[in-house]
Amino acid sequence: RSGGKYEACRSDCQISMKKMGAQQENELKTKVESGTHNVLAGPVKASVGDGNEFDRGGGMRLNIDTLLTERKSELSTLRDKLGANLPKSPEYDDIFLLRYLLSWEKRGGLKEAVRSVIATVKWRTENAQKLADCRRNGFAENHDMFNRFQVTGPCGSLGGMEPLLVIRIGLCNAKALMNTLTHDQVVEYLTVSKELRFMDCDRLTRETRKLIKMVTICDATSYSLLDGDSRFYKALGQASKLSQDLYPQLLGKTVVINAPTFIRLMWGTLSTFMPKSAIEKIAVCPATGTTLPACPDATACPFLRKWCTIDDPLSTIPDFVGGKVPCPAVLKPRAECNKTIKVVVSARSSSEVTIDVPAAGFTAVWEVVVQDYGIGMSAHLHPNMAEGQAAKDIVVAMELTKIKAENGLATGRFPLPAAGKLVVKFDNTHSMLRSKTFEYKIDVEKKCGTEA
């Protein structure tokens, strides 16, 4: 792709999603497809051409000491109004309260700030153990199950300052997630997980004396409209609304890269569930194909040049957006991390998998997640025969069982009493019209749990 005229993307990136009309979208699509732009991110605001907002990065890195001095009287008033509702604990200091004044000054003022602080103190008290466990373990409850279906995690920063949280929505499986976990479990995971990001931003804020916020990169590579799930959007929206109270001034920007041409449809869906304050921080970047080897590096981005002032700005940026930070395992495709295999079985047909069983006393451990509807699964063990030995009876290791998408992740195990060939059959012969898509993993393990 051509690498020229990157500065032109600055105005493109300052057009809000909400006001992006059909003509502007077509212009953006033309620029993306022609390859005349490649950037990491650019801020988006409701007004076009707001250079000051671009330069400030949406309020990032404001001087904390200056803010504390300017808001000294307001902070004192806030403390007085909170009274006994504010615990005498070091964590509830002026920097903590400052975040609430900044977040609510244009959305209810002091009254809303008081309400929000009280709600936060109550929530943190009620969930003290969960928060402590999250900080100690480095992840929230249900992390392993959540990350089986979602490809998201921290990776890099803007020049060692703003932490980057990456969500690769084109690699996620929201339907399977919501079929496996409950709405409340997903909301809790999304909310409690922000504790780790908040800790990072708060630490950096106190060390640098600048207001540090998280920047979220939403990589839409390979995303399709069929990948969405309204149940997940609802959970995401509820978690986002909770975070307005619980983690104020945490999010600086959400930047969508490798955006599909149907971005406006995504916008319409998200705006139904997400709070306005979160929607206003979403930016659409013209960058496309950032995961390709020939992609120009991210220093072409004017936003990055503004905020990454270190000698090697690429050293803190993920490689799949043009930087040098290697992609961590948590952000790689699910099939690669979980070693699952994706299969499509046509209507009125079946598919078989044959696995070697080296000796008696092993166990087959399996997991299957079906995209839609259901598929039959059965397993038979064909014992080995020595030369001249009579044929041994085939062992039914697993009776035909219907694995349904609505039940989410299905798991199980069964014993393997002899060496031989394990034949696992996925049966879709009952379906006259629909093919079935699913992911599976089958491991043959020793009883002690070590893999063969």
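Residues numbered from 1 in each chain as written. Predicted model: local features only at pLDDT ≥ 70, side-chain atom pairs only at ≥ 80, totals over all residues. Heavy atoms only, no water.

**Side note on the layout of surface pockets**
Basically, it comes down to this: Space inside and on the surface of the protein is sampled on a 1 Å grid over the protein atoms alone, with a cavity defined as a set of points where a 1.4 Å probe fits but cannot get out and a pocket as an open set with protein on both sides within 12 Å along at least 5 of 7 lines; lining residues have an atom within 4 Å of a point. Grid points are joined across faces, edges and corners, and a volume is the space filled by probe spheres set on the points. Numbering of helices and strands runs from the N terminus; a helix is a DSSP stretch of H or I covering at least four residues, while a strand is a stretch of E covering at least two. Under this grouping Gly is polar, as are all residues other than the nonpolar Ala, Val, Leu, Ile, Met, Phe, Trp, Tyr, Cys and Pro and the charged Asp, Glu, Lys and Arg.
Here the second largest pocket defines a volume of roughly 450 Å³. What lines the second largest pocket is a set of 20 residues, and nearest its centre among them are C172, R334, K342, Q371 and E439. Where the lining of the second largest pocket is concerned, the elements lending two or more residues are α10 (174-180), α17 (334-338) and β13 (436-446). Per element, the largest residue contribution to the lining of the second largest pocket is three residues, and it comes from β13. Across the lining of the second largest pocket, the residue classes break down as eight nonpolar, six polar and six charged.

**Some points on the sheet that holds strand β6 (residues 341-345)**
Counted only if it meets this: The pairing criterion for strands is at least two bridges between them, as found by DSSP. A fitted line through C-alpha atoms represents every axis, and for helices the fit uses only the stretch in contact; the resulting angles, taken between N-to-C directions, go from 0 to 180 degrees.
If you walk across this open sheet you meet the four strands as β6-β13-β8-β11, and the pairing is antiparallel. Of all strands in the sheet, those bounded by a partner on one side alone are β6 and β11 (410-416). Here the strands of the sheet are splayed against their neighbours by 30° on average, with no regard to which way each runs. Note that strand β8 (residues 362-370) and β13 share nine bridges and pair antiparallel. Its bridge partner lying in β13, F362 is registered against K446.

**Things to note about the pairing of strand β3 (residues 214-219)**
Defined as follows: Remark: exposure states derive from per-residue accessible area (1.4 Å probe, protein chains only) relative to the maximum for the residue type, with buried under 20%, exposed over 50%, and partly exposed in between.
Summarising burial for β3: six of the six residues are buried, a large majority. The alternating pattern of β3 places M214, T216 and C218 on one face and V215, I217 and D219 on the opposite face, and all of these are buried. With five bridges joining them, strand β2 (residues 162-168) and β3 adopt parallel strand pairing. Within β3, the residue paired with L164 across the bridge is V215. Bridge analysis of β3 against strand β4 (residues 251-257) gives six bridges, and the strand direction is parallel.

**Considerations on the nonpolar core**
Cut-off, in case you're wondering: Buried Ala, Val, Leu, Ile, Met, Phe, Trp, Tyr and Cys residues form a nonpolar core when they are joined through side-chain atoms within 4.5 Å. When checking whether two residues touch, look at their non-hydrogen atoms; a contact exists if any pair is within 4.5 Å.
Core analysis: the largest hydrophobic core is formed by 44 residues, its most contacted members being L177, V186, F232 and Y247. In contact with V186, not counting residues within four places along its chain, are F146, L177, M178, L181, F232 and A235.

**Considerations on the sheet that holds strand β7 (residues 350-357)**
Taken in spatial order, the four strands of this open sheet run β7-β12-β9-β10, and their pairing is antiparallel. In the strand order of this sheet, the two ends are held by β7 and β10 (395-404), each with one partner. Sheet twist, expressed as the mean angle between neighbouring strand axes with direction ignored, is 15°. Here strand β9 (residues 374-383) pairs with strand β12 (residues 420-427) via eight bridges, running antiparallel. Across the sheet, the residue bridging to G376 is D427, located in β12.

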